[in-house]
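Inside the fold
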Amino acid sequence: AYKTRFLVRSGNSLISLPTSDFFYFFAEDGVVFAQTADKRYTIDYTLDQLQELLSPLDFFRLNRKVIARVEAVRKAAPYFNGRLLLDLNPAPSFEVAVSRDRAPAFKRWMDGQGN
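Quick summary incoming for the structure in this document.

This part covers the overall build of the chain. A count of helical and extended segments in the chain gives two helices and ten strands. The globule rule puts the C-alpha radius of gyration for 115 residues at 13 Å, and the 14 Å found for the chain is close to it. In terms of its C-alpha atoms, the chain occupies a principal-axis envelope of roughly 45 × 30 × 20 Å. Considering the chain as a whole, with its 115 residues, one finds that 37% of them fall into the buried category. In the chain, the share of contacts with a sequence separation of at least 24, taken over all contacts with a separation of at least 6, comes to 40%. Carbon and sulfur atoms make up 48% of the accessible area of the chain, which amounts to about 6900 Å² in all. With 16 positive and 13 negative side-chain charges, the chain shows a spacing of 2 Å between the two charge centroids.

Written out as structure tokens, the structure reads:
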């Protein structure tokens, strides 16, 4: 069974949000954030842990720093060395690319065929 809710920090409080509210999870400076449509929250999981807790039908590990929900991917474009450059919604403040090795699995996932 995959997680359907996550407890996140909002200021000095903790709130519970459904997994469907999250567009992507990303690591930055040793902290993992969960991005919703309009806000990012710190979360007490590593990306490796999240990869095990999230449904692979809905979420995909794009690279070492990002796990995204299928609805967050607006488009993918060919990039250097067989990688794919992604346009995510909401737009992150950093570039998101899928490695050449992960690109075939990413395309299958986006096509609804799973990882």
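Summed over the entire model, instances satisfying the criterion amount to five salt bridges. For Arg40, the salt bridge goes to Glu28, with nearest N and O atoms at 3.3 Å. Linking Arg40 in strand S5 (residues 40-42) with Glu28 in strand S3 (residues 24-28), this pair joins segments that are twelve residues apart in sequence. Ionic pairing is found between Glu71 and Arg69, a salt bridge with its closest N-O pair at 3.0 Å. With relative accessibility at 12%, the residue Arg69 sits in the buried group.

Time to look at the sheet that holds strand S10 (residues 96-98). Spatial strand order, S8-S9-S10: three strands in an open sheet with antiparallel pairing. If you trace the sheet from one side to the other, it starts and ends with strand S8 (73-78) and S10, each paired once. Each adjacent strand pair in this sheet contributes to an overall mean axis angle of 35 degrees, direction not counted. As defined by bridge partners, strand S9 (residues 84-88) adjoins S10 across three bridges and the pair is classed as antiparallel. Looking at the pairing, Leu85 lines up with Ala97 of S10.

So, how was this worked out
Numbers given to residues run from 1 along each chain, matching the order in which its sequence is written. In keeping with the model being predicted, local features are shown solely for residues with a pLDDT of at least 70 and side-chain atom pairs are shown and tallied solely at 80 or more, while totals for entire chains, interfaces and linings include all residues. Here the side-chain values reflect all heavy atoms present in the structure, with hydrogen atoms and water set aside. Runs of E in the DSSP output that reach at least two residues are strands. Runs of H or I that reach at least four are helices, and both are numbered from the N terminus. A radius of gyration in this sense is built from C-alpha atoms; the matching globule rule multiplies 2.2 Å by the number of residues raised to 0.38. Remark: exposure states derive from per-residue accessible area (1.4 Å probe, protein chains only) relative to the maximum for the residue type, with buried under 20%, exposed over 50%, and partly exposed in between. We call two residues contacting when some pair of their heavy atoms lies within 4.5 Å. In these tables, accessible area is a Shrake-Rupley quantity obtained with a 1.4 Å probe, and a residue counts as shielded only by the protein chains included in the view. The charge count treats Lys and Arg as positive and Asp and Glu as negative. His and the chain ends do not count. In plain terms, the charge of a residue is placed at NZ if it is Lys, CZ if Arg, CG if Asp and CD if Glu. The salt bridge definition used is simple: a Lys or Arg side-chain nitrogen within 4 Å of an Asp or Glu carboxyl oxygen. By definition, two strands form a pair when at least two bridges between them are found by DSSP. Geometry is summarised by axes, namely lines fitted to C-alpha atoms with helices restricted to the contacting stretch, and by angles between N-to-C directions that run from 0 to 180 degrees.

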